[in-house]
Amino acid sequence: MSEALHAEWTKLRTLPGTVWILLGILALTVGLGAVVTATVRYGGPGTSTDLTRLSLTGIELSQAMVAVFAVQAVGGEYSSGMIRVTLTAMPRRWTVLGAKAIVTGGLTLAVGAAGVAGALLAGRILLLANGFTAAHGFSALTPADGPTLRAAIGSALYLALVALLSLGIAAALREPAVAIGAVLGLLYLFPLVVGMVQNQSWHRHLEQIGPMTAGLEIQATVNTGGLPISPWAGLGVLALWAVGSLGCGGLALVLRDA
Amino acid sequence: MTTATVPPPYRSDLKLGNDGFVQLLHAEWTKFRTVRGWVVAAAVAVAVMALISISAATGGKGANCVNGKCQRGPSDPIGPYGVSVTDSFYFVHQTLDGDGSITARISSLTDAIQPDPQGQGGAPPAGASVPWAKAGIIVKQSTTLGSQYAAVMATVGNGVRMQYNYEHDVAGNLGAASSASPAWLRLVRSGTTLTGYDSADGTHWTEIGTADLTGLASTVQVGLFATSPGYNDNQYVFGGLNSDSFNSLATAQFDNLALGGGWSGDAWNGDAIGGADGQYQQTGSGFTVQGGNGDITPDVPDDDTARLALSGAFAGLIALIVIAAMFMTTEYRRGLLRTTLAASPRRGRVLAAKAVVVGAVSFAVGLVAAAVSVPVFNRLWSPDAFYPVGALTEARVVLGTAALLAVVAVFTLALATLMRRSTAVITTVIILVIMPYFLATTSVLTPGPSDWLLRLTPAAGFAIQQTIPRFAQLTNVYTPTDGFYPLAPWSGFAVLCAYTAVALGAALLVLRRRDA
Amino acid sequence: MEATIEVNGLRKRFGPTVALDDLSFTVKPGSVTGFVGPNGAGKSTTMRVVLGLDSVDAGTALIGGKPYRSLRHPLSHVGSLLDPAALQPSRSARNHLLWLAHSQGLSAGRVDEILETSGLERVARRRAGGYSLGMRQRLGLAAAMLADPPVLMLDEPFNGLDPEGIVWMRGFLRSLAAQGRAVLVSSHLMGELQGTATHLVVIGRGRLVADTGVSELIDAASGGRVALRTTARSEAMTVLANAGATVAVTGPDTLTVTGPSSERIMALLSEGGVPFSEVSAHRATLEEAYMELTRDSVEFRAAESGFVRTDGEVAR
């Protein structure tokens, strides 16, 4: 396994696009969060806003880059035919997928953690400037706050799980174009469909099973009792999606001719 | 060793047809239809689009439905155009038979926002005002709710206006009415035509506009009115809108009342129409009229059939983006483009043919999905369940949605020509087209940034799906989350087309310059 | 319109690399012209330039006197096979030819005709992604022949063919030339063109090395050498060297002698009493001739007839 890990790490490291995609993830996570926190204004008493979640809005955009990153890690090998070289060098296919998952997921986790830290820092500075001050009953964002810490760790994990989800789908579908369409469709369709369905119980159920709608509840820090699914359970739903897709991807890798 | 005899140059006797643009289109269409995956994906696009639209319909609720039974309630009067309206004001009136006129001077119009009676929402913020609080003179078919009318009025924040039949609003020539600068208003009835005038001094009159109220009865109710829509304190927070409503009461001082024509000469009647608050006092030749908790405007419905029946468009769009990207990137991936360009060396035509094919396929996907989902939707819901849009609007939404899919597909094709990598192209298009729509309509962003996203990004094109009209004279929450796009349907679509045109131009330039 | 490919003074750089350097040659009808050079010499680039796919910094490439991009029904003027892998894997051979046919205003009937002549009928409706390299070559050839062009340009058509296929391809190319078509065939292996090409265009590092008839080239490469078989190798070498000949050892009992004619050699050996079993005029293979030519292509410059070494010695 350690050889497989080393091999996958070397492959990913020497791919020219990797650095740019990872920088893109970082930039989008921090950037969109900063734009959002820079545009909200304190609107007087009674304003209740989840400042942590607001600062971490960038995740909703950067997950698209994470999906590209993970899909390329597998789909790129299929479209170039390199997968045959890989599987000749490492015939145990589950090991190959496992190594890919660890390397891709780990790298995403690291970059995601850096992005989340940057987004929270930007949010802390910008929100204070926009009137969300202690005088108005808001405390500055800090990892010392339990729910904020949970949201921060959870957001980085969220990105890593999205990477695994994408990896599994890419291994199952092989064609990178179709895989990226499927991943982004899966992520963004749920919230859009949920937005249209006004039947309360349908609405709630869809929110509970959508990989993005459920997974991002990990970012909620206020009014957590009113969520359709509790933060960690929501992240668990995404983890189930990731495990399921990796399972499908692994089966496709093992059963089909390379 | 040289061959002794060189054969004569070869002449083919093969019959060749034309090799114009039509043949090129035929070739590109053959390319498209012979890859089974693409045909399947187009079918999937139709299926997801129709399925999501239909499930949005079954999971949704009709605007006027209670426990699955849909009909308009008595509080929803139907206006002269067959759509529901708000018709609620305090009316001081007399009967006029035949032609005539009414003139009045407003020397003051004030509006008082009432504190929340339950005290839950607290007090309205300091400096709050209701710009559309109004008072003036009105000619109305009858006191029946939703009947035809024409009115000339002073408003708190929008100067003198002439409004008629709920949807029409014409600006007058004067600003806010006060004792220092009173507003003289006049309304002249001649048959079914009503003409509004205003004047600063009662001698020099300026026409504001005329209204033709088709079928106006000979006997009409004419008089003074006042009403105020109240104040909404809207706060946008993450995840939605917090809105506190406050009633308000408009108070207007009328004098110099002059009547001409066939007036009944009865006493003035004061009536609160449509559940409005209000009262009046007559002091000599003057009147004080108060009215609140109402308005005379069109209704803005929650949703409508045409829009909901096509709400799955973005789902079909993702499938079409993938197809359009691959239609170009597969040419690059294995060098197939060289074969294509050897067969058709005029590169601009090749790009055009590809764009036409991928655009036509997407347009067809949109039309077929609409042909499936609109009838199903109409069967699921009674016609009263949603805001009835006209046939023209419905056609615009159906064709416009299909055109939206087509233009996004062509945009994708152009970017694919520039970028050549399918994952990069698909992600870029989804980030440019779907993401802004997602961010703006799911309450992730506040209305300001949301509006800008839907103005500046290609996602502006989704405005083509807007059916619910937007009225300046109606205080309402016009945000993307509520189905209101910041741009008019065709301007939004034009933004998308502009992006596509630029991308196509760049693609053409690059395709011509770059070695294949 | 004469069916020709005329290339005049082509120059092209890819960044710092010079891909084509003042390249000129003409391909005439009724012959197979071999287009040879080592890998990376610029053969494929030249072909892409002729097809209007790549731009050039200078020079022109004309098909029957016209630039490719101005041709109507281009495939009826030039058929080309660049890369047999340039296929959409999920599209069948028949459908691949079908869209090409449509682009030239040809009917589906022509597609079936060409499938039959290229022997692809049985697999025509299968996914092209599953084809062997040999089948893809046949499909590529079918595409090139689709509009029955008088000029053909094939890039490495022997690649991936089995020995039987190579024999078939040689016969096919010869028959095309015999019909009066102009055929340009690139190859990096000279042996493949033996007995097929009647004319050669040799390039190296983007420059023309030779533009010559095959027989002239072989004559030049054979260059008056005589092969000698003898059991007394050292005695033979002494005798011949004393007579002023240049002798090279080519095997345990074979020598190559340059200088004297075979008659003179036989006389010298008989005089010296050296036994020998065979004296024959050496005939270079095309491959040898080519190796001689491209040993260091930079050292060669094109000349009107034959070629000139930089040291001034004229090889004939």
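Note that the structure is predicted; figures quoted are calculated from it, not measured.

### Focus on the overall build of chain C
When its secondary structure is counted, chain C shows nine helices and 17 strands. By its C-alpha atoms, chain C is 75 × 45 × 35 Å across when sized along the principal axes. By the burial criterion, 45% of the 316 residues in chain C qualify as buried. Of all intrachain contacts in chain C linking residues separated by at least 6 positions in sequence, the fraction that spans at least 24 positions is 69%.

### Let's talk about the overall build of chain B
When you go through chain B residue by residue, the secondary structure sums to ten helices and 19 strands. Burial status across chain B gives 53% buried among its 516 residues.

### Describing the interface of chain C and chain B
Often, the extent of an interface is quoted as the loss of accessible area on bringing the components together. Between chain C and chain B, the residue contacts involve 47 residues of the former and 37 residues of the latter. The greatest single-element share of the side of chain C that touches chain B, amounting to six residues, is contributed by helix α2 (residues 93-103) of chain C. Partitioned by chemical class, the residues of the side of chain C that touches chain B number 21 nonpolar, 18 polar and eight charged.

### Topic: the sheet that holds strand β14 (residues 278-281) of chain C
Residues and elements named next belong to chain C. Spatial strand order, β12-β13-β11-β14: four strands in an open sheet with antiparallel pairing. Edge strands, defined here as strands with exactly one partner in the open sheet, are β12 (246-251) and β14. The sheet shows a mean angle of 25° between the axes of neighbouring strands, taken without regard to direction. Alignment of strand β11 (residues 225-229) against strand β13 (residues 254-258), held across five bridges, turns out to be antiparallel. The partner of A227 across the bridge, within β13, is T256.

### Some thoughts on the pairing of strand β9 (residues 183-190) of chain B
All names here are of chain B. Extensive coverage of β9 is indicated by the burial of seven of its eight residues. In this sheet, β9 lies alongside strand β4 (residues 89-113) in antiparallel orientation, the contact comprising seven bridges. By the bridge assignment, I106 is partnered in β9 with A183. One ladder, built from seven bridges, connects β9 with strand β10 (residues 193-199); its direction is antiparallel. Paired with L187 across the two strands is G196, which belongs to β10. Hairpin connection between β9 and β10: a loop of two residues separates the two successive antiparallel strands, and G191 in this loop has a positive phi of roughly 65°.

### Description of the nonpolar core
Ranked by internal contacts, the top residues of the largest apolar core, which has 260 residues, are A:V183, B:L320, B:I321, B:V322, B:L405 and C:L97. In terms of residue count, the dominant contributor to this core is helix α7 (residues 146-173) of chain A (18 residues). Look past the residues within four positions of B:L320 in its chain and what remains in contact with it is B:A45, B:S362, B:V365, B:L405, B:V408 and B:A409. Residues B:V92, B:V156, B:W184 and B:F225 belong to the second largest nonpolar core, which totals 59 residues.

### What to know about the arrangement of the chains
Among the two pairs of chains that make contact, the interface with the largest number of contacts is formed by chains B and C. There is a gap between chain A and chain C: no contact, and a shortest C-alpha distance of 11 Å.

### Some details on the sheet that holds strand β2 (residues 17-27) of chain C
All names here are of chain C. Within the open sheet, the four strands sit side by side as β2-β1-β4-β5. Their pairing is antiparallel. Each edge of the sheet is formed by a strand with only one pairing partner; in this case those strands are β2 and β5 (66-67). As paired elements, strand β1 (residues 5-14) and strand β4 (residues 58-63) share five bridges and run antiparallel to each other. Residue pairing for β4: I5 is matched across the bridge by I63. Along the sheet, helix α1 (residues 43-50) makes contact with β1, β2 and β4, crossing β1 at roughly 115°.

### Structural notes on unusual backbone geometry
One non-glycine residue, B:N293, adopts positive backbone phi at about 55°. Within the secondary structure layout, B:N293 lies in the loop between β18 (286-292) and β19 (296-298). Looking at B:N293, the number of C-beta atoms within 10 Å reads 21, which means it is buried. A positive phi angle, near 55°, is found at C:D22, a position not held by glycine. Tracing the backbone shows C:D22 in strand β2.

### Some points on the packing of helix α7 (residues 391-419) of chain B against helix α10 (residues 489-513) of chain B
What describes two packed helices is the angle between their axes and the distance between those same axes. Residues and elements named next belong to chain B. Taken N-terminus to C-terminus, the directions of α7 and α10 make an angle of 25°; their axes are 8 Å apart at the nearest point. Classified by the interaxial angle, the pair formed by α7 and α10 is roughly parallel. Considering how the two elements wind past one another, α7 and α10 form a crossing that is left-handed. Along the contact surface, α7 presents R396, G400, L404, V407, V410, F411, A414, L415, T417 and L418, while α10 presents P489, F493, L496, C497, Y499, T500, A503, L504, A506, A507, V510 and L511.

### Some thoughts on the confidence of the model for chain C
Do not read the predicted coordinates in detail wherever pLDDT is low. All names here are of chain C. Averaged over every residue, the pLDDT of chain C is 85; the share at 70 or more is 92%. Contacts from residues 297-316, a stretch scored under 50 in pLDDT, to residues over four places away or in other chains number 27 contacts. ipTM for the predicted complex: 0.85, alongside a pTM of 0.83.

### Points about the packing of helix α8 (residues 176-196) of chain A against helix α9 (residues 200-209) of chain A
All names here are of chain A. One way to put it is that α8 packs onto α9 with a least axis distance of 9 Å and a crossing angle of 170°. One way to sum up the angle between α8 and α9 is to call them roughly antiparallel. For the pair α8 and α9, contact is made by F190, V193 and V194 and by H203, L206 and E207, respectively. Classifying every residue of the contact of α8 with α9 by side-chain character gives four nonpolar, one polar and one charged.

### Examining the environment of C:L82
For C:L82, the location among the structural elements is in the loop between β6 (78-81) and α2. When residues no more than four places from it in sequence are discounted, the contact partners of C:L82 are B:R338, C:M47 and C:D155.

### Details of the confidence of the model for chain B
Summary statistics for chain B give a mean pLDDT of 85 and a share of 88% for residues scoring 70 or more. Scored below 50 in pLDDT, residues 61-74 of chain B makes 29 contacts in the model with residues more than four places away or belonging to other chains.

### Details of the environment of A:G249
Residue and element names in this part refer to chain A. Relative to the elements of secondary structure, G249 occurs in helix α11 (residues 231-255). Placed 152 residues apart in sequence, G249 and L97 show a C-alpha to C-alpha distance of 8.3 Å. Aside from chain neighbours lying at most four places away, what touches G249 is L97, L167, G168, I169, A170, A171 and A172.

Rules and cut-offs
- Residues numbered from 1 in each chain as written.
- Chains lettered and ligands numbered in written order.
- Predicted model: local features only at pLDDT ≥ 70, side-chain atom pairs only at ≥ 80, totals over all residues.
- Helix = DSSP H or I, 4+ residues; strand = E, 2+ residues; numbered from the N terminus.
- Buried ≥ 20, exposed ≤ 12 C-beta atoms within 10 Å, placed from the backbone.
- Contact = placed C-beta atoms within 7 Å.
- Nonpolar A, V, L, I, M, F, W, Y, C, P; charged D, E, K, R; others polar.
- Pairing = 2+ DSSP bridges.
- Axes fitted to C-alpha atoms, helices over the stretch in contact; angles between N-to-C directions.
- Core = buried A, V, L, I, M, F, W, Y, C linked by C-beta atoms within 7 Å.
- Parallel < 35°, antiparallel > 145°, perpendicular 65-115°, else oblique.
- Left-handed = near helix turned anticlockwise from the far one by under 90°.
- pLDDT = per-residue confidence, 0-100.

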